[in-house]
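# Overview (structure and organization)
Spelled out from the first residue to the last, the chains are:
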Amino acid sequence: MASGSQGYPGSAASALDALPSTWPNFLTGQPGKPVQVLLIDDDACMRKVISQELLADLRINLVAQGSSMREGRRLISQHEFDVMLIDLNLGDGTGFELIERMKTVRPHAEAVVISAMEDDEHALHAFELGATGYLVKNSWFGNFPQAVLQVVNGGASITPNLARRLLRSLGQVPVSSQPAASAGPKSKLSDREKDVMKMVASGYTSSEIASRLTISSQTVNTHIKNIYHKLQVHSRAQAVSFAAQRGLL
């Protein structure tokens, strides 16, 4: 684990030199009150690179780091933090599960995905779960401290190439698409989908729903995708809101 800027001689001085003089004092993330960050990545080399970048900025404090989903679950419960940087491919699970866990335990914290996968499907699923950033590893545009500061101040951080593709895909949605409110009656959802929907509304993660219904997490996620499609929504929050309005819960 790493904390603050200890263990890196000269990093504090270099951070002071690099700190933008135009950084407003009303924004979150100040040398005297840094943003608290949790880092979960099973790639030791990548974790070292990211941690060094974070530790070089006095506006950020790296409170802890882990290399697995198991460690991630423990650190999420043990530490107070503002932003979690999370890899999607962990040896014993996925970053998706940790995003869900974080949103349950630390609902006000932000999640920024750091992944080697640049496909739209993974990015959209991360955003559906509540992530506000998606950085592609080894991208020329990667800037981890900037991503942390952006999301903690109400913004979003997405690798530009991926952001451009997502914008293009959004542009392919027909203008005449019917809004979610016009979706059909509640009979469109199967009994199993209604059970899943009720648990989603109660704040359970996919793994917790799977355990309670004695099915796999993959099956739960398939049910959730089907619910999104049937209700014409794009996130859990939208699904819960729509389901509540239509009496599906």
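Here goes a summary of the coordinates provided.

Calculation criteria
Residues numbered from 1 in each chain as written. Predicted model: local features only at pLDDT ≥ 70, side-chain atom pairs only at ≥ 80, totals over all residues. Heavy atoms only, no water. Helix = DSSP H or I, 4+ residues; strand = E, 2+ residues; numbered from the N terminus. Buried < 20%, exposed > 50% of the residue type's maximum accessible area, 1.4 Å probe, protein only. Areas by Shrake-Rupley, 256 points an atom, 1.4 Å probe, with all protein chains shown as cover. Salt bridge = Lys/Arg side-chain N within 4 Å of Asp/Glu carboxyl O. Polar contact = N/O pair within 3.5 Å; in protein donor to acceptor, adjacent residues only side chain to side chain. Contact = heavy atoms within 4.5 Å. Pairing = 2+ DSSP bridges. Axes fitted to C-alpha atoms, helices over the stretch in contact; angles between N-to-C directions.

Below, the discussion takes up the overall build of the protein. Broken down by element type, the protein carries eleven helices and eight strands. Within the protein, the fraction of its 249 residues that count as buried is 42%. Approximately 12,800 Å² of the protein is accessible, and the part contributed by carbon and sulfur atoms is 52%.

Let us now look at the pattern of salt bridges. Where charged atoms from two side chains of opposite charge come close, those side chains can pair. Applying the stated rule across the entire model yields seven salt bridges. When the shortest N-O distance is used, the salt bridge between Lys137 and Asp41 registers 3.0 Å. Here Lys137 is found in the loop between β7 (133-136) and α6 (144-152), whereas its partner Asp41 is found in the loop between β1 (35-40) and α2 (44-55), with 96 residues between them in sequence. Accessibility classification places Lys137 together with Asp41 in one group, the buried group. Salt bridges here are not isolated pairs; linked through shared partners, they connect Asp41, Asp87 and Lys137.

The next subject is the side chain of Gln30. By the secondary structure assignment, Gln30 is in the loop between α1 (11-18) and β1. Of the residues examined, Gln30 reaches a relative accessible area of 19% and is grouped as buried. In this structure the side chain of Gln30 is engaged in a polar contact, spanning 2.9 Å, whose partner is the backbone oxygen of Pro24. Excluding anything up to four places from it in sequence, Gln30 contacts Trp23, Pro24, Asn25, Leu58 and Arg59.

Before going further, it helps to examine the sheet that holds β7. Spatially, β2-β1-β3-β6-β7-β8 is the arrangement adopted by the six strands of the open sheet, whose pairing is parallel. Every other strand in the sheet has two partners, leaving β2 (60-66) and β8 (157-158) as the edge strands with one partner each. Sheet contacts for helix α5 (residues 120-128): β6 (110-115), β7 and β8; angle to β7, the most-contacted strand, approximately 150 degrees.

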